[in-house]
Amino acid sequence: MQNALLIGLSRQMTLERQMDVIANNVANANTNGFKADHSLFEEYLNSNAREDNFVGSDRRVSYVQDRGTFRDVGQGPMEPTNNPLDMAIDGNAFFAVQANGAELYTRDGKFSLNSTGQLVTSDGNLVLGTGGPITFQPTDHDINVAPDGTITVLEGTAKTDSIRGKIRMASFDDPAKLTKLGANLYSVGSATQQANTKSSVRQGYIEKSNVNSVGEMSRMVEIMRSYTAIASLLQQQSDLHKSAIEKLADVPA
């Protein structure tokens, strides 16, 4: 295959991968606490040329290589809900939850109570406090969550606050190293957990996705145009190659 076709094909493959990443971002534009992914590309120099009469740099062909993706861990906008069980983290920490028998992490603070009075995520995973799962009593009311995550309630006719637990905010040296598991959950991956000193909890708010929908849609259009332009170029190269072979066949021996 000609070098021009190989180079064009390599770019089309990376564009297809980039489109998948952007489509996933757009699909999660309304997912609470979702963090957008972005593609990384790099130049890959290689050539299949084997003849000794090629001069130096003529041997090397520049391809496009899909290096991977990186996560934008920037905070999304805060949306007020007036629901006392909804919480958002102001900072880079994560809520710790118990899911599938393991401790996982999420930025989605859309919480509620299950049938036994335990604080759970929208998927039913237990929200962890500093002392384990957080459980409320049937007579609890006037729930208050302090910025440090301490949850207090008024129980029955009592006039003094009762503590039900403290939301555990897990911080990491590099949140981008957390492994995305799907369902808005992360595992520790290669990140190192550290003490939380800067993040705080905001009660009655939900953190929305940090996806810029307009920007992502614009990139979609740009990718489609690039893909079409390369396809047209490859078709021209193929037609030129075909025409050259046909003309060579007509040359008398």
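Each remark here, short or long, concerns the structure printed above.
Everything quoted here is computed from the prediction, not taken from an experiment.

(A) Spatial organisation of the pairing of strand β13 (residues 161-166). Direction of pairing for strand β12 (residues 150-155) relative to β13: antiparallel, over a ladder of 5 bridges. In the strand pairing of β13, threonine 152 is matched with isoleucine 163. Where β12 hands over to β13, the hairpin turn is made up of 5 residues, of which glycine 156 adopts a positive phi near 60°.

(B) Representation of the sheet that holds β13 within the structure. Strand order in the open sheet made by the 3 strands is β11-β12-β13, with antiparallel pairing throughout. The sheet terminates laterally at β11 (140-145) and β13, the two strands that pair on one side only. Between one strand and the next, the sheet's axes are offset by a mean angle of 30°, whatever the strand orientation. Sheet analysis places β11 next to β12, joined by 4 bridges and oriented antiparallel. Bridge assignment links aspartate 140 to a residue of β12, and that residue is glutamate 155.

(C) Main features of the packing of aromatic side chains. In this structure the tally under the stated criterion is 4 aromatic pairs. Measuring from centroid to centroid gives 5.0 Å for tyrosine 105 and phenylalanine 172, while their planes differ by 80°, and the two rings are edge-to-face. On the criterion of sequence distance, the pair formed by tyrosine 105 in strand β6 (residues 102-106) and phenylalanine 172 in strand β14 (residues 169-172) is long-range, its members being 67 residues apart. Across the pair, exposure class does not vary: tyrosine 105 and phenylalanine 172 are buried alike. For the cation-ring pair, arginine 202 lies above tyrosine 205, with the distance from its terminal atom to the ring centre recorded as 4.2 Å.

(D) The side chain of asparagine 25, seen in detail. Examined against the element boundaries, asparagine 25 turns out to sit in helix α1 (residues 3-27). Since its relative accessible area comes to 0%, asparagine 25 is described here as buried. From its side chain, asparagine 25 meets the backbone oxygen of aspartate 37 in a polar contact 2.7 Å long. Excluding residues within four positions of it along the chain, asparagine 25 makes contact with Phe34, Ala36, Asp37, Val211 and Glu216.

(E) Focus on the nonpolar core. One finds Met87, Leu119, Ile151 and Ile167 to be the most contacted residues of the largest nonpolar core, which totals 16 residues. Looking at this core, the elements with two or more residues in it are β4 (87-90) and β12. Ignoring any residue separated from it by four or fewer positions in sequence, one finds isoleucine 151 in contact with Met87, Leu119, Ile134, Phe136, Ile143, Asn144, Val145, Ser162, Ile163, Arg164, Gly165 and Ile167.

(F) Region of the structure containing the environment of arginine 164. Inspection of the secondary structure puts arginine 164 in strand β13. According to the relative accessible area criterion, arginine 164 is buried, its value standing at 18%. Through-space distance from the C-alpha of arginine 164 to that of proline 133 is 9.9 Å; in sequence the pair is 31 residues apart. Side chain to side chain, arginine 164 and aspartate 140 meet in a polar contact 2.8 Å long. A distance of 3.0 Å separates the side chain of arginine 164 from the side chain of glutamate 155, its partner in a polar contact.

Scoring rules and cut-offs
Position numbers for residues start from 1 in each chain and track the written sequence from start to end. Local features in a predicted model are, by the rule used here, given only for residues with pLDDT of at least 70; side-chain atom pairs are given and counted only at 80 or more, and totals for whole chains, interfaces and linings are based on all residues. To get the side-chain values, all heavy atoms of the structure are used, and hydrogens and water are removed first. If DSSP finds at least two bridges between two strands, the strands pair. By definition, any uninterrupted DSSP run of H or I lasting at least four residues is a helix, any uninterrupted run of E lasting at least two residues is a strand, and each is numbered from the N terminus. Only the stretch in contact is used when fitting a helix axis, every axis being a line fitted to C-alpha atoms; angles between N-to-C directions are given from 0 to 180 degrees. Put simply, two rings from Phe, Tyr or Trp (the six-membered ring, in Trp's case) pair if the centres are within 6.5 Å, and we call them stacked under 30 degrees between planes, edge-to-face over 60, tilted for the rest. Classification of residues uses two cut-offs on accessible area relative to the type maximum, computed with a 1.4 Å probe and protein chains only: under 20% is buried, over 50% is exposed, and between them is partly exposed. In this analysis the charged atom, NZ for Lys or CZ for Arg, is taken to sit over a ring once it is within 6 Å of the ring centre and within 35 degrees of the ring normal. Distance and chemistry together define a polar contact, namely a pair of N or O atoms within 3.5 Å, with one atom able to donate a hydrogen and the other to accept it when in protein, and with adjacent residues in sequence counting only for side-chain atoms on both sides. Pairs of residues are marked as contacts when any of their non-hydrogen atoms sit within 4.5 Å. For the purposes of this section, nonpolar cores are sets of buried Ala, Val, Leu, Ile, Met, Phe, Trp, Tyr and Cys residues that join through side-chain atoms within 4.5 Å.

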